[in-house]
Amino acid sequence: MRTTQRKASKVSEASSSKKELHEEDCYTESDHGSASEIVHEAPLKSQSKRRKTASTSKSKARNDGNGEQISSAPKVKPTRRRNKLSLLPTMPLDILFEILGHLAPRDLLNLSRTNKEFRKMMLSPNTITIWKAARELFNAPEPPQDFSEPRWAALLFEHLCHSCGTKTVLGGIDWKIRMRVCSQCKKSHLLCNRDSTWNTSFPGYDPAMFEYIPYTNQRPWTAETADPNFRNRKLYWDEEVHAMAKEWNTRRTAAHSPPEARDDFEAWKKDRAELLKSITSMIPVYTKWQKIYEGLKEGVKEENRWKRLEAVKLRFLELGYTSEDVRNAISIRTDGIYTGTPNVTTAAWNKLRPKLEPAVEREKKRRIAWVMLPLIKMRVKIFEDVYDKHLTKLTPSERYRCPPAGYFRLLPEILGVLESDMTVDVSADEFLPMMDFVDECIAKYQAEKKSSALNSVEPGTSDANRVGTGEGALELASHLLRELVALAGLDPETATIAGMDEMDPRYVLELSSVPKEWVDGYFVFSWREAILYSQSSLDVVQPAMTPSNYSSNLKFSLATTEEGEKARQHTRSVRESAEAWSCNHCHDFFEEGKARTLSVIWSHLKEKHGILDPKSSEDYIMNEHCRMRLVAPYETPWPLPARRLKCLRCNAKNSGVFELAELQVHMQNRHGDNSALLAGRDYTVDLLMVQTQY
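We now turn to the structure provided with this report. (Residues numbered from 1 in each chain as written. Predicted model: local features only at pLDDT ≥ 70, side-chain atom pairs only at ≥ 80, totals over all residues. Heavy atoms only, no water.)

### Topic: the packing of aromatic side chains
And step 1. Scanning all chains against the criterion turns up 36 aromatic pairs.
And step 2. Both rings, one in W518 and one in F523, keep their centres 5.1 Å apart while their planes meet at 65 degrees; by these two values the pair is edge-to-face.
And step 3. Cluster of aromatic residues (ring-pair linked, three or more members): W198, F202, Y205, F210, Y215 and Y236.
And step 4. Looking at R151, its charged tip hangs above the ring of F147, at a distance of 4.0 Å from the centre. (Phe/Tyr/Trp six-rings, centres within 6.5 Å; stacked < 30°, edge-to-face > 60°. Lys NZ or Arg CZ within 6 Å of the ring centre and 35° of its normal.)

### Quick look at the pattern of salt bridges
And step 1. All told, the structure shown has 30 salt bridges when counted by the stated rule.
And step 2. Between D501 and R528 there is a salt bridge, and its shortest N-O distance comes to 2.8 Å. Of this pair, D501 sits in helix 17 (residues 497-503) while R528 is found in helix 18 (residues 527-534), placing the two residues 27 residues apart along the sequence.
And step 3. On the basis of relative accessibility, which here comes to 37%, the residue D501 falls in the partly exposed class.
And step 4. Linking E562 and K566 is a salt bridge whose minimum nitrogen-to-oxygen distance equals 3.2 Å. Of this pair, E562 and K566 both sit in helix 20 (residues 561-577), four residues apart, which is roughly one turn of that helix.
And step 5. Accessibility expressed as a relative area gives 53% for E562, which makes it exposed.
And step 6. Each of E298, E302, R305 and R333 takes part in a single network of salt bridges with overlapping partners. (Salt bridge = Lys/Arg side-chain N within 4 Å of Asp/Glu carboxyl O. Helix = DSSP H or I, 4+ residues; strand = E, 2+ residues; numbered from the N terminus. Buried < 20%, exposed > 50% of the residue type's maximum accessible area, 1.4 Å probe, protein only.)

### Remarks on helix 3 (residues 105-112)
And step 1. Along helix 3, the residues classified as buried are P105, L108, L109, L111 and S112. Taken down its axis, helix 3 places every buried residue within 160 degrees of arc, on the same side.
And step 2. Residues of helix 3 that are buried make contact with helix 2 (93-100), helix 4 (116-122), helix 5 (128-136) and helix 6 (149-157). (Arc of directions from axis to C-beta. Contact = heavy atoms within 4.5 Å.)

### Regarding the packing of helix 3 against helix 5
A packed helix pair is summarised by two numbers, namely the angle formed by the two axes and the spacing between the axes.
And step 1. Interhelical geometry of helix 3 versus helix 5 gives an angle of 145 degrees and a closest axis separation of 9 Å. Of the residues in helix 5, those touching helix 3 at P105, L108 and L109 are I130, W131, A134 and R135.
And step 2. Residues belonging to the contact of helix 3 with helix 5 are distributed by class as follows: six nonpolar, no polar and one charged. (Axes fitted to C-alpha atoms, helices over the stretch in contact; angles between N-to-C directions. Nonpolar A, V, L, I, M, F, W, Y, C, P; charged D, E, K, R; others polar.)

### So, unusual backbone geometry
And step 1. Positive phi, close to 55 degrees, is recorded for N139, a residue that is not glycine.
And step 2. Within the secondary structure, N139 is located in the loop between helix 5 and helix 6.
And step 3. With a relative accessible area of 64%, N139 lands in the exposed category.
And step 4. In this structure, R178 takes a positive phi of about 55 degrees despite not being glycine.
And step 5. Of note, R178 is situated in the loop between helix 6 and helix 7 (183-189).

### Details of the sheet that holds strand 13 (residues 683-685)
And step 1. Spatial ordering of the open sheet is given by 12-11-13, a layout of three strands whose pairing is antiparallel. The open sheet has two edge strands, strand 12 (657-658) and strand 13, and neither has a second partner.
And step 2. As paired elements, strand 11 (residues 645-647) and strand 12 share two bridges and run antiparallel to each other. The residue bridging L645 from the neighbouring strand is F658, located in strand 12.
And step 3. This element, helix 22 (residues 660-671), spans strand 11, strand 12 and strand 13 of the sheet and lies at about 10 degrees to strand 11. (Pairing = 2+ DSSP bridges.)

### As for the environment of I414
And step 1. For I414, the position within the fold is in helix 14 (residues 412-418).
And step 2. I414 sits in the buried class, given a relative accessible area of 0%.
And step 3. I414 sits 31 residues away from F383 along the chain, and the two C-alpha atoms are 8.8 Å apart.
And step 4. The contact partners of I414, leaving out residues within four places of it in the chain, are F383, F408, R409, F431 and M434.

### Section: the side chain of D195
And step 1. Counting through the fold element by element, D195 comes out in the loop between strand 3 (190-191) and helix 8 (198-201).
And step 2. A polar side-chain atom of D195 sits 3.0 Å from the main-chain amide nitrogen of C192. (Polar contact = N/O pair within 3.5 Å; in protein donor to acceptor, adjacent residues only side chain to side chain.)

### Regarding the packing of helix 6 against helix 10 (residues 259-318)
And step 1. Orientation of helix 6 relative to helix 10, taken along the N-to-C sense of each, is 60 degrees, at an axis distance of 11 Å. Classified by the interaxial angle, the pair formed by helix 6 and helix 10 is oblique. Where helix 6 approaches helix 10, its residues W152, L156 and F157 are matched on the opposing element by Y286, W289 and Y293.
And step 2. Among the residues forming the contact of helix 6 with helix 10, the class breakdown is six nonpolar, no polar and no charged. (Parallel < 35°, antiparallel > 145°, perpendicular 65-115°, else oblique.)

### Topic: the pairing of strand 6 (residues 521-526)
And step 1. Among the six residues of strand 6, six are classified as buried, and the element is accordingly described as predominantly covered.
And step 2. Both strand 6 and strand 10 (residues 634-637) contribute to a ladder of four bridges, which runs antiparallel. Paired with Y522 across the strands is T636, a residue of strand 10.

### Structural notes on the nonpolar core
And step 1. If you look at the biggest cluster of nonpolar residues, it comprises 27 residues, and the most contacted ones within it are L509, W518, F525 and F556.
And step 2. Sorting the residues of this core by element identifies helix 16 (479-487), strand 5 (506-509), strand 6 and helix 18 as the ones contributing at least two each.
And step 3. Counting 26 residues, the second-largest nonpolar core is a separate cluster that includes L100, L108, L109 and A134. (Core = buried A, V, L, I, M, F, W, Y, C linked by side-chain atoms within 4.5 Å.)

### Some remarks on the side chain of N217
And step 1. On the secondary structure map, N217 appears in the loop between helix 8 and strand 4 (236-237).
And step 2. For N217, a relative accessible area of 13% translates into the label buried.
And step 3. At 3.3 Å, the side chain of N217 forms a polar contact with the side chain of K176.
And step 4. In contact with N217, not counting residues within four places along its chain, are K176, F230, R231, R233 and L235.

### Some thoughts on the pairing of strand 5
And step 1. Neither face of strand 5 is left uncovered, since the one carrying R506 and V508 and the one carrying Y507 and L509 both have all their residues buried.
And step 2. Note: strand 5 against strand 6, three bridges, orientation antiparallel. Bridge assignment links R506 to a residue of strand 6, and that residue is S526.

### Regarding the sheet that holds strand 6
And step 1. Read across the sheet, four strands follow the order 7-5-6-10 without closing on themselves; strand pairing throughout is antiparallel. Looking at strand neighbours, the two that pair on one side only are strand 7 (556-558) and strand 10, the edges of this open sheet. Taken pair by pair, the neighbouring strands of this sheet meet at an average axis angle of 35 degrees, ignoring direction.
And step 2. The sheet contact formed by strand 5 and strand 7 spans three bridges and is antiparallel. Paired with L509 across the strands is F556, a residue of strand 7.
And step 3. Docked against the sheet, helix 16 engages strand 5 and strand 7, running at close to 20 degrees with respect to strand 7.

In C-alpha cells, the structure reads:
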C-alpha cells in the first residue's frame, strides 16, 4: 500500500512540475532565491537503484595449476568521472556568469531545468543580470510587475502551451491574458458568462471579483459556444478565476474586521485595476515586438536554409554532379532543405540523399540530353540516309508501305547507337550491319498494319461475311461501305475494289444530311470520296459531321446519270492535271515535292526506261504523299433562282428568302450586324425550295 502511494506521489509531482513555470506565484527580484520558483524542471530519473557490491562473505579462489588455491579479490571499479557540465556550479561566479552571459533566453531556461543544482543557481538573485542581458539581446520589453524575468522569458521565447505543454502553439501569445495556450486548452479553460457551464464552473463567485481578472475574447469556434457577439464577450481562464476567488474571499473576509484591513482591501483592488489597465496599454507594445521578433526568426531560418542547401550541394558535388544539376533539382523550399540544421552531418546526409538524389539524377540526364541533342540529330540524319539508301532496293510501290525512319529511333538496338557517348564517332558503318534487323522490323510493321485494318471490320463480322473475300476484296469493310456497294447494285459479300473502280458509281447526300454551309451547290462523290468525307478528311467540303454521327446521320443516294457523267469527267481532268504521280521503276519522283503529272511520267518512262505503253500500278503509280490531290468531289450548283438564301437568325417561320446582297441589307437593318456573312452561321439555302427540284 505504501509503495502504491509513493508511486502515485511521484507521478503527481512529475505532472505538476510542467505547470510550475506558469503558476500563480509571482516571481520578483525579492524572492529570487525561493525554492518554489516558477521555472519548471523535467522530472529527474529515479536514482533509487542500489549499486552492486562485491560479496564479503567469501573470496573466490582459483587454482594456479600446482594444486594451490590463490585467492582472487574482486576488482574494484574505478569511480565514475563526473560530467563536465555538472562542474559548472562549482566554478567561480565571475567565470560562470561570463559564460552564461553568452546564452540566449531559451538556453537559460533549458539550463535551469537540467537538474536541481542548476535550477537553484539560475533562480538565485545573483543571476537577475544574466536574465536581463539575455532579454535585451532581442530588444524585448521589460516584464510586467507581476512577472519574474524567467517567467517572462518563458512566455516570450518558448513555444510550449502553458497549460498542457504542447510543443508548438499556433497563433502566438494572447496578450490580454498573457498566456501562450493551444486551441484545445482554450476550448477547455476559457469561459464567459453566456456559456452553459458558467454557473457550474464558478458556483457562488462574487460577480464584482471578475472586474479584477484579465480576460480575452478569442477562442476556437464550437457549436456549443457559438456567440454572434463574440467581439464583446469576456472570456476568463478558469484556473486564474479559482485562484482569484480564494484570494478575493480571504481579503473580503478580513476587510470586515479592523478599518485598516478594509483600506488594505481597497488598495489591493486599486492595484489590480491599475494592473489590468497596464496590461491593456502594453498590448500594442508587446504585439509590435512580437512581429519584429518573428520576422527576425524567419530571417535566421531563411539563412539556415541557404546554408543547409550549400552543405547538401557540396555533398552532391563530391559525388560527381554539377552545380547546374543541383541548382535545377533542389532549392531552399525542397522537402529536406526547408527544415533542419545548417550543418549536414553524415547521419543527416544518409537520410537526405535517397530523397533528393532522384531529382538531381533527372536533371543530370536532362542536361546531358540537351548537350547531346545536336549530336543526336546529326546521328539521326546519318541513320535516315542509310535507311533511305537501303529502301532504294525496293520499288516505289513497295517503299510506300515501309515505315518512316522515325519508327526505328526508339528501338533499343538503334537508340543505343544514337545515344552513345559523345566521344564515340558514329558513322554509317555503325548502322549498315543493322539493315537485316530493319528488314525484320519492316515485315513486322506491315503485318501489324494489315492486322489493324482487318480488325477495323465491324465487331461480330466473320471473315466469310466481309465485303469481298478474295484477292482485292473490300477488306476495309464498314457499315457505310456496304451501303454504298448495295446502292451501286452489287453484292456486298462478293464486291471487290476492282469491281467498284470499274463500275465507278457516284453518290450525293440526301437532303437530310446536307450541311447548312452548302449554299452555292452540292457535291457528287465517288465511293472513295464518300468514305473520306464520312471520316472528315475532305477539306474541300468541310465541315463534315462528327465521328459519332457518321453512321446515323449521313445518308447517301445514287447520283443521276447526268450528275455521274459530269463527275467522272471532272475526275479525269483532275487526274491528268494533278502533280500526284511517280515512276514505279525508279525513285526520281518518290518525294512529295517531286511528283509530276501523268504526261510527264509517261515521257519519263519512254525516254529513261524505254516503255512505250505504260500500265498503271506496274509502270507508274500514284504518289502516296500526294493522294489527296486526286480527291476532288465534283460541285454542281443548286437548281434554284438567285433568291434562295434563308436567314438563320430569324425565326424559322418568319424568315423569307433573299439574294446575297439583299441578305446583307437585312442583317444590317434587322439584326444590326454589318460584318461579313458566314454561311452556316448567318444564312443557308432554303431546302424547302430544293426539295421539289433536287
